[in-house]
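Summary of structural features
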Amino acid sequence: MPSAPDRVHLPRALSAPAPGWTTSADVIVVGSGIAGLTCALRLREQVDRVLLVTKTVLDEGSTAWAQGGIAAALHPEDSPAEHLEDTLVAGVGLCDREAVEALVTEGPPRVHELVALGAEFDLDAEGEIKLTREGGHHRDRIAHAGGDATGREISRALIAALHRVIDDPGIEVVEHALVVDLLQNDAAAGSPVSGVTLHVIGEGQLDGVGAAYARAVVLATGGLGQIYTSTTNPPVATGDGMAAALRAGARITDLEFIQFHPTVLFLGEGSTGQQPLISEAVRGEGAFLVDADGRRIMEGRHPLEDLAPRDVVARAILETMREQATDHVFLDARHLGGDFLATRFPSIVASCRSLGFDPARDLIPVAPAQHYASGGVETDLRGRSSLPGLYACGECSCTGVHGANRLASNSLLEGLVFASRIAADIPARIAAGELPEVGIPSSPTRAGDTSPGALLDHSQRLTVQRAMTLGSGPVRSATSGAATATALADLASLPPSTAEPGPKSWETTNLLHLGLVLTELARRREETRGGHVRSDFPDRDDARWLVRQSVTVAPDRSLTVTERTMP
Ligand code: SIN
């Protein structure tokens, strides 16, 4: 195992201009996906003032891109116990069972509440929510909307609910607001969180960097997919909330567990950034993977074949690609028929057609790409992080429900269930006097220091992405991990004058900080588990590695890694 992370040191804050404005609320919710919107809407009924901030516009995060659906035991013959079992199997021994129990038992009522709020799921002939199947599920339990536009419909319904209350003085929404760092009561790492510094591209009072204070901050900032060269995540997924929490001293857990989606449209060698997803639901409806000679890839590899858990399918594709020295395989959906495909998967068909081929006639070229961060800001069952006053939900959090690998369509559900739990916890704590009101200090101070040179210029983003893909991607080894660690450490020690403070350099620096930590944890885990393969340790090693790894930044800015053995 690599030695202690002696080369990894992180600043406590990003270099940024001093806050030029201040504001305050009872609770600040950062992010406007399913988790952030659910939390803000529920909180506004119970606390006096909620401030909802989002990096660009309300519907631009990962939620709106979710195709497949939301998993919940909604069918009378299904049960939370069966959903629990499938989730635990996908998580390969590292799920927190209690968190999964909360997810699967509270999931169905939360989905019904979403329907009551206005979300329109696809219905069957009897008017019941139509359910499909995805990898790792032994039952049809994926509710979907608009065929393959589930996230967009959920996002639409939640934003419509927000617009119905937008004039309410109890809720304020600020778009184009990038969280730079967390505000803490004092400079010590791990001290209580009292707000955030934000960079707002606005007009009038809220413009430029400012400080927003609150009794509690809820991070719902989504994933970090832009850390890799290719991802299904939108451009906003640069891990800003996770990185800010990390720098402030919050415990970050399971960060090495990145999920690579098996079927992402292959756009040709060298394509970078967000790539079009071909939902697992296409395989759920009967499509299958083949190599260039038309041989079925999943046959004989797993009892569920093309609907095996995502890591199994991604691994089989990677193996095939290596054996056949190619950079993609194919999804065959032709037998499903043009009419069915156009009705069931309108967005996917449109996206394929825009690129010049038709899934009803042509094979779809696919390859695995980054899709989801299973780890993040560690929380308990109430959504509380290790820092007083800081909560997290959705992809930026690590509730423990995903373990080493998230089960398909559990992410929207996790956002919904745990955001609701946070919206129950905060008001109860306010009533109990546990989250005192935070006054606006006469001169706002930020946590930690802002040592010059802490920023990485945007021009280095591709260097970070390439290094991460090489050594902390789907196939890892001691050698490639060491090369990645060195490349990232070199970037971290570039001379100070290279980057000006601003959204692009803050985002790029957030990717670097998370990349350093992710790579450290990936190098330590000398086994193959969850979403990645360690080519030098091809097997799963339960004797040594039935552990979850967490990282915190110590007061001297070094990383402390702790391990927890699973029961
Ligand atoms: C998909 O539609 O394949 C993605 C669903 C998910 O990530 O859970």
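Residues numbered from 1 in each chain as written. Predicted model: local features only at pLDDT ≥ 70, side-chain atom pairs only at ≥ 80, totals over all residues. Heavy atoms only, no water.

A few points about the side chain of T320
With respect to the helices, strands and loops of the structure, T320 is situated in helix α7 (residues 310–323). The residues contacting T320, other than those within four sequence positions of it, are D291, I297, R301 and V329. (Helix = DSSP H or I, 4+ residues; strand = E, 2+ residues; numbered from the N terminus. Contact = heavy atoms within 4.5 Å.)

Considering the packing of aromatic side chains
Considering all chains together, one arrives at 2 aromatic pairs under this definition. Considering the side-chain rings of Y228 and F260, the 5.6 Å spacing of their centres and the 75 degrees angle between planes classify their relative orientation as edge-to-face. Separated by 32 residues along the polypeptide, Y228 in the loop between β11 (216–219) and β12 (230–231) and F260 in strand β14 (residues 258–265) bring together distant segments of the chain. For the pair shown, Y228 and F260 are each scored as buried. Ring plane angle 80 degrees and centroid distance 6.5 Å describe the contact between F340 and F345, whose orientation is recorded as edge-to-face. On the basis of relative accessibility, which here comes to 34%, the residue F340 falls in the partly exposed class. (Phe/Tyr/Trp six-rings, centres within 6.5 Å; stacked < 30°, edge-to-face > 60°. Buried < 20%, exposed > 50% of the residue type's maximum accessible area, 1.4 Å probe, protein only.)

Considerations on the sheet that holds strand β6 (residues 142–143)
One open sheet holds the 3 strands; their spatial order is β4-β6-β5, and the pairing between them is antiparallel. Looking at strand neighbours, the two that pair on one side only are β4 (70–71) and β5 (131–132), the edges of this open sheet. Pairing between β5 and β6: 2 bridges, direction antiparallel. Bridge assignment links L131 to a residue of β6, and that residue is A143. (Pairing = 2+ DSSP bridges.)

Observations regarding the confidence of the model for the protein
The predicted model of the protein has a mean per-residue pLDDT of 93, with 96% of residues at 70 or higher. Here residues 1–5 is a poorly scored stretch, pLDDT under 50, and it has 11 contacts once near neighbours within four places are set aside; other chains count. (pLDDT = per-residue confidence, 0-100.)

With respect to the site of the ligand
Lining the immediate surroundings of the ligand are Q67, G68, E134, H261, L277, S279, E280, R310, H371, R406, A408 and S409. In this structure, an oxygen atom belonging to the ligand sits 2.7 Å away from a side-chain N or O atom of H261. Take S279: an N or O atom from its side chain is 2.6 Å from an oxygen atom of the ligand. Protein burial of the ligand: of its 260 Å² of free accessible surface, 95% is covered by the chains. Within the shell around the ligand, the residues separate by chemical class into 2 nonpolar, 6 polar and 4 charged. (Near = heavy atom within 4 Å. Polar contact = N/O pair within 3.5 Å; in protein donor to acceptor, adjacent residues only side chain to side chain. Areas by Shrake-Rupley, 256 points an atom, 1.4 Å probe, with all protein chains shown as cover. Nonpolar A, V, L, I, M, F, W, Y, C, P; charged D, E, K, R; others polar.)

Here we look at unusual backbone geometry
The residue V92 is not glycine, and still its phi comes out positive at about 45 degrees. Along the polypeptide, V92 turns up in the loop between α2 (80–90) and α3 (97–117). A positive phi angle is found at H176, which is not glycine, with a value near 55 degrees. On the secondary structure map, H176 appears in the loop between β7 (171–174) and β8 (177–184). Here H176 falls in the partly exposed class, since its relative accessible area comes to 34%.

Some remarks on the pairing of β11
Side chains of β11 alternate between two faces, with A216 and V218 and V217 and L219 buried alike. Relative to β11, strand β2 (residues 27–30) runs parallel, the two sharing 4 bridges. Each residue of the ladder has a partner; that of I28, found in β11, is V217.

Describing helix α1 (residues 34–43)
By the criterion of burial, α1 is predominantly enclosed, with 9 of the 10 residues buried. The set of residues buried in α1 consists of I34, A35, G36, L37, T38, C39, A40, L41 and L43.

Quick word on the pattern of salt bridges
Summed over the entire model, instances satisfying the criterion amount to 45 salt bridges. The residue R139 makes a salt bridge to E82 at a minimum N-O spacing of 2.8 Å. In this pair, R139 sits in the loop between β5 and β6 while E82 sits in helix α2, placing the two residues 57 residues apart along the sequence. Across the pair R296 and D306 runs a salt bridge, and its minimum N-O distance is 3.1 Å. Pair noted here: R296 is in the loop between β16 (288–290) and α7 and D306 is in the loop between β16 and α7, with a separation of 10 residues, a long-range link. Judged by its relative accessible area of 6%, D306 falls in the buried class. Where salt bridges share partners, they join E256, R525, E527, R529, R540 and D542 into one cluster. (Salt bridge = Lys/Arg side-chain N within 4 Å of Asp/Glu carboxyl O.)

Considering the packing of helix α5 (residues 240–248) against helix α13 (residues 503–524)
Following both chains from N to C, one finds α5 and α13 inclined at 65 degrees, their axes separated by 9 Å at the closest point. The hand of the α5/α13 crossing is left-handed. Residues D240, M242, A243, L246 and R247 of α5 form the contact with α13, whose participating residues are E507, N510, H513, L514 and V517. The residue inventory of the contact of α5 with α13, partitioned by class, reads 5 nonpolar, 2 polar and 3 charged. (Axes fitted to C-alpha atoms, helices over the stretch in contact; angles between N-to-C directions. Left-handed = near helix turned anticlockwise from the far one by under 90°.)

Topic: the state of the cysteines
Throughout the structure, instances matching the rule amount to 0 disulfides. Here C393 stays unpaired: no disulfide links it, and the sulfur of C39, its closest cysteine neighbor, is 5.0 Å away. Relative accessible area serves as the criterion here: at 1%, C393 is assigned to the buried category. Cysteine C398 is unpaired, with the sulfur of C95 as its nearest cysteine sulfur at 9.9 Å. (Disulfide = S-S within 2.5 Å.)

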